[in-house]
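# Chain and residue survey
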Amino acid sequence: MVRKKLNKKNNRKAKIIIDETTYEFPIYNSTEGEAVIDISKLHAEANIFTYDPGFTSTASCESKITYIDGDKGILRYRGYDIEELAKKSDFIEVVNLLIYGDLPNKEQLTKYKRLITRHTLLHEQIINFFQGFRRDAHPMAMMVGVMGALSSFYQDTLNINDSHQRQEATRRIIAKSATIGAMAYKYSLGQAFVSPRNNLSFSENFLYMCFSNTAENYKVSPVLAKAMDTILILHADHEQNASTSTVRLAGSSGANPFACIAAGVSSLWGPAHGGANQAALEMLEEIGSSKNIKKYIAKAKNKKDPFKLMGFGHRVYKNYDPRAKILKSICLKVLKHVGVKNDPILKLAMDLEKIALNDKYFKEKRLYPNVDFYSGIILRAIGFPPEMFTVIFAIARTAGWTAQWTEMIEDPIQKIGRPRQLYTGKRVIKYGVGRSSKNTR
Ligand code: SDX
């Protein structure tokens, strides 16, 4: 087992002294980045837990998929720098890389694209399922609901112990996520659903399903399709972020893949995570003009004010998020292509970034633009409303979620995730004693 090999190479030990007793724990080297202390035997040996809210110091699993160096602003999928993948790959090649571990050859890629394309259609009953949503439902609400519902339609790929079924479920989730996302958009517009076109690439097809309608022919622009594809690549995986950890935790109980991915979509929706792209654009619209930036920076620094600069700061990056850098450059290309010479929102975003990066508070806390800061400006220029931004993040992240879920299922030491707690509630109390006398709840 890899774990034992790593341990042999490493003679370092961690010692924890509790009262008078010393406990020793092995340290494992990462291929790159921080080593880890294996404290899995701590409770059995010392009858004590570790406490780490938000998992700021905890590695929850071993993984070979994605590497981040937060200080240097490096992101790699399976060893490849994100900048190179964004330039040279397309989204489906990156999906294949994330899931299978290395870049596919030409034949493998053609075959994989065909397999994914075969799954773009949805079961006809799902159309009825959509009719149950309110027209003004957030498209992420539809993503969560319909993704979970896939487990009732595709019952032949629910056996997580069958490798063939796992791979087929993965392809279904990735292919169908784009169709579900486009349907959610069409439903909110009150327009008819558009069937997928399997002669188009993944990104072209997604744009086609969103923007064509029965009255007009929509020709997919290669510039916008390339921008869309790059956005999908950049959002495809990001090691053990909140939604991926949610997928792993849900999957650790043996839940089916569609249910696990629906859990990931739910986690992604929050404004501190994938929902920040919608929130960032709405924030820029609220700020309105560069002359108001100082006021909003002051709000972001005020501990009594819940306002935060959306699209800024990151748990891991203490440097510029490399994805934000790429997105900033795509922004300019897309705006030029759609004929926007001077987008006031882009100018505002760049002014805000400049002021924040030179501000003492943001410098000291090492807060930089993250992936969600510029993506919304591009997606808006392509034609999407803010509610669709997180949906597009979710479509991209199905790649990482399924790759990480597969890795977890195939890990021989995988067991159900079950954290413990620091209990600070009441000790045993006799029934009825201390019954509330207030009527405030
Ligand atoms: C994503 O984890 C991933 O990999 C996620 C992601 C992915 O690809 O999966 O990269 C995608 O989720 C990007 C992040 C999107 N979220 C936002 O843009 C929302 C705004 N940012 C933050 O709320 C915050 O920075 C987080 C949630 C991203 C990170 O939270 P942490 O690591 O728990 O850090 P923290 O909130 O404890 O912040 C540290 C300090 C705090 O001040 P102090 O209490 O130490 O005085 O920095 C301050 C924070 O108040 N701070 C900010 C800020 N972000 C952090 N202050 C103002 N504006 C901000 N945006």
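First, a word on what this report is: a plain description of the structure on this page. (Residues numbered from 1 in each chain as written. Predicted model: local features only at pLDDT ≥ 70, side-chain atom pairs only at ≥ 80, totals over all residues. Heavy atoms only, no water.)

### A word on the overall build of the protein chain
Along the backbone of the protein chain there are 19 helices and six strands. Its C-alpha atoms give the protein chain a radius of gyration of 24 Å, near enough to 22 Å, the size a compact globule of 441 residues would have. Each principal axis of the C-alpha distribution contributes one length, and for the protein chain these read about 75 × 55 × 55 Å. Burial analysis of the protein chain (441 residues in total) assigns 48% to the buried set. Looking at the protein chain alone, contacts between residues at least 24 apart form 71% of all its contacts between residues at least 6 apart. (Helix = DSSP H or I, 4+ residues; strand = E, 2+ residues; numbered from the N terminus. Rg over C-alpha atoms; globule rule 2.2 N^0.38 Å. Buried < 20%, exposed > 50% of the residue type's maximum accessible area, 1.4 Å probe, protein only. Contact = heavy atoms within 4.5 Å.)

### Remarks on the pattern of salt bridges
Once their charged atoms are close, side chains differing in charge can pair, the charge on each being opposite to the other. The tally for this structure, following the rule as stated, stands at 20 salt bridges. One salt bridge in this structure joins Arg323 and Asp321, with 2.8 Å as the shortest N-O distance. When its relative accessible area of 2% is taken as the criterion, Arg323 is described as buried. A salt bridge links Lys347 to Asp351; the nearest nitrogen and oxygen atoms lie 2.8 Å apart. With a gap of four residues between them, Lys347 and Asp351 both fall in helix α16 (residues 344–357), about one helical turn apart. (Salt bridge = Lys/Arg side-chain N within 4 Å of Asp/Glu carboxyl O.)

### Some details on helix α5 (residues 106–117)
The terminal C-alpha atoms of α5, which comprises 12 residues, lie 16 Å apart, in line with the 16 Å expected from a rise of 1.5 Å per residue. Three or more residues of α5 are buried, namely Leu109, Tyr112, Ile116 and Thr117. End-on, the buried residues of α5 take up no more than an arc of 130 degrees, which puts them together on one face. Set apart from the buried face of α5 by more than 90 degrees, the exposed residues are Glu107, Lys111 and Arg114. Each element contacted by the buried residues of α5 is listed here: α4 (91–100), α8 (163–189) and α9 (202–211). Structurally, the start of α5 carries an N-cap: the backbone nitrogen of Glu107 is 3.1 Å from a side-chain oxygen of Asn105. (Expected span 1.5 Å × (residues − 1). Arc of directions from axis to C-beta. Polar contact = N/O pair within 3.5 Å; in protein donor to acceptor, adjacent residues only side chain to side chain.)

### Observations concerning the environment of Ser212
Positionally, Ser212 belongs in the loop between α9 and α10 (222–235). Once the C-alpha coordinates of Ser212 and Thr58 are considered, the two residues, 154 residues apart in sequence, prove to be 46 Å apart. For Ser212, the residues in contact, after removing those within four places along its chain, are Lys186, Val194, Leu207 and Tyr218.

### A closer look at the packing of helix α11 (residues 242–252) against helix α12 (residues 257–268)
At a minimum axis separation of 8 Å, α11 and α12 run at an interaxial angle of 150 degrees. In terms of orientation, α11 and α12 fall into the roughly antiparallel class. α11 and α12 meet at a crossing whose hand is right-handed. Contacts between α11 and α12 pair Ala242, Ser243, Thr246, Val247, Ala250 and Gly251 from the former with Cys260, Ile261, Ala263, Gly264, Ser267 and Leu268 from the latter. Taken together, the residues of the contact of α11 with α12 sort by class into seven nonpolar, five polar and no charged. (Axes fitted to C-alpha atoms, helices over the stretch in contact; angles between N-to-C directions. Parallel < 35°, antiparallel > 145°, perpendicular 65-115°, else oblique. Left-handed = near helix turned anticlockwise from the far one by under 90°. Nonpolar A, V, L, I, M, F, W, Y, C, P; charged D, E, K, R; others polar.)

### Topic: unusual backbone geometry
Despite not being glycine, Phe55 has its phi angle at roughly 50 degrees, a positive value. Relative to the helices and strands, Phe55 resides in the loop between α2 (42–46) and β4 (66–69). Positive phi values are uncommon outside glycine, yet Glu239 reaches one of about 40 degrees. Considering the arrangement of structural elements, one finds Glu239 in the loop between α10 and α11. For Glu239, a relative accessible area of 24% translates into the label partly exposed.

### Observations regarding the site of the ligand
Residues in close proximity to the ligand total 24 residues, the closest being His238, His314, Arg315, Arg323 and Arg397. In this structure, His273 approaches the ligand through a side-chain N or O atom, which is 2.8 Å from an oxygen atom. In this structure, an oxygen atom belonging to the ligand sits 2.7 Å away from a side-chain N or O atom of Arg323. Residue classes in the shell around the ligand are distributed as 10 nonpolar, seven polar and seven charged. (Near = heavy atom within 4 Å.)

### Points about the nonpolar core
Soluble, globular proteins show a tendency: their nonpolar side chains are buried together. If you look at the biggest cluster of nonpolar residues, it comprises 122 residues, and the most contacted ones within it are Phe130, Phe206, Leu207, Leu309, Ile377, Ile382 and Phe384. The element best represented in this core is helix α19 (residues 389–410), accounting for 13 residues. Excluding residues that lie within four positions of it along the chain, Phe130 makes contacts with Met142, Val146, Ile180, Met183, Ala184, Tyr187 and Phe193. Listed in part, the five residues of the second largest apolar core include Ile18, Tyr23, Phe25 and Ala46. (Core = buried A, V, L, I, M, F, W, Y, C linked by side-chain atoms within 4.5 Å.)

Note that all results are geometric; they support no functional claim without further evidence.
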